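Single-letter residue listing:
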Amino acid sequence: MKRAIVVATIVVTLVGASIGGAQVNLLANGDFEAGADKGVPTGWQRRLGIATLVQDAKLAASGAHFVKASHDHRFSQHLRVKQGQPVRISFKARAAVPD
């Protein structure tokens, strides 16, 4: 039985409070375009497995980079939020069946 792996064309943007009507991005390098160190996007940590940063403008949701990740291959980032303050999370993802 094949199991699906979520292949990330993940563009993550976490938006917090409005300041004068402007949205504030709480996530560093949410579009993965700000570079990388040893395959890990700037501002992110590799957690478990071998999640990878990929450069392919044809597949990226925006820009030229995206990450391939799954339940046991992931990147993460800690961020601070304020109690009672709404946070909107949006992202794009695509699922693929492994070869």
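Thoughts on the overall build of the protein
Moving on, step 1. When helices and strands are counted, the protein shows zero helices and 11 strands.
Moving on, step 2. Put simply, the protein runs from its N terminus to its C terminus through helices and strands in the order β-β-β-β-β-β-β-β-β-β-β.
Moving on, step 3. Across the 99 residues of the protein, 26% fall into the buried class.
Moving on, step 4. When contacts within the protein are restricted to residue pairs at least 6 apart in sequence, long-range pairs at least 24 apart make up 60% of them.
Moving on, step 5. Of the roughly 6,800 Å² of accessible surface on the protein, 56% is carried by carbon and sulfur atoms.

Quick word on the nonpolar core
Moving on, step 1. Formed by Leu27, Phe32, Val40, Trp44, Ala51, Val67, Ala69 and Phe75, the largest nonpolar core amounts to eight residues.
Moving on, step 2. Sequence-distant contacts of Ala51, that is, excluding residues within four places in its chain, are made with Arg46, Lys68, Ala69, His73, Arg74 and Phe75.

So, unusual backbone geometry
Moving on, step 1. Positive phi is not limited to glycine here, since Phe32 has a value of about 65 degrees.
Moving on, step 2. Residue position: Phe32 is located in the loop between strand E3 (22-25) and strand E4 (36-37).
Moving on, step 3. Of note, the phi angle at Lys38 is positive, near 55 degrees, even though the residue is not glycine.
Moving on, step 4. As for its position among the elements, Lys38 is in the loop between E4 and strand E5 (40-41).
Moving on, step 5. Note on Lys38: relative accessible area 76%, which makes it exposed.

A short note on the environment of Phe66
Moving on, step 1. Note that Phe66 resides in strand E8 (residues 65-68).
Moving on, step 2. According to the relative accessible area criterion, Phe66 is buried, its value standing at 2%.
Moving on, step 3. Distance in space between the C-alpha atoms of Phe66 and Leu53 is 5.9 Å, their sequence separation being 13 residues.

Things to note about the environment of Ala51
Moving on, step 1. You can see Ala51 is positioned in the loop between strand E6 (45-47) and strand E7 (52-55).
Moving on, step 2. As a C-alpha pair, Ala51 and Ala69 span 18 residues in sequence and 4.8 Å in three-dimensional space.

Details of the confidence of the model for the protein
Caution is warranted with low-pLDDT regions, since their predicted coordinates should not be read in detail.
Moving on, step 1. Residue-level pLDDT values for the protein average 75, and 75% of them are 70 or greater.
Moving on, step 2. Low confidence marks residues 4-14, where pLDDT is under 50. Its contacts with residues over four positions away, or in another chain, come to 61 contacts.

Observations regarding a nonpolar patch on the surface
Moving on, step 1. Together, Leu79, Val81, Val87, Ile89 and Phe91 line one region of the surface with nonpolar side chains, adding up to about 450 Å² of accessible area.
Moving on, step 2. Looking at where Ile89 falls in the secondary structure, it is placed in strand E10 (residues 88-90).
Moving on, step 3. Among the residues examined, Ile89 registers a relative accessible area of 57% and is labelled exposed.

Quick notes on the rules
Residues numbered from 1 in each chain as written. Predicted model: local features only at pLDDT ≥ 70, side-chain atom pairs only at ≥ 80, totals over all residues. Heavy atoms only, no water. Helix = DSSP H or I, 4+ residues; strand = E, 2+ residues; numbered from the N terminus. Buried < 20%, exposed > 50% of the residue type's maximum accessible area, 1.4 Å probe, protein only. Contact = heavy atoms within 4.5 Å. Areas by Shrake-Rupley, 256 points an atom, 1.4 Å probe, with all protein chains shown as cover. Core = buried A, V, L, I, M, F, W, Y, C linked by side-chain atoms within 4.5 Å. pLDDT = per-residue confidence, 0-100. Patch = residues over 30% accessible without salt bridge, like charges linked within 9 Å, V, L, I, M, F, W, Y side chains within 5 Å. Salt bridge = Lys/Arg side-chain N within 4 Å of Asp/Glu carboxyl O.

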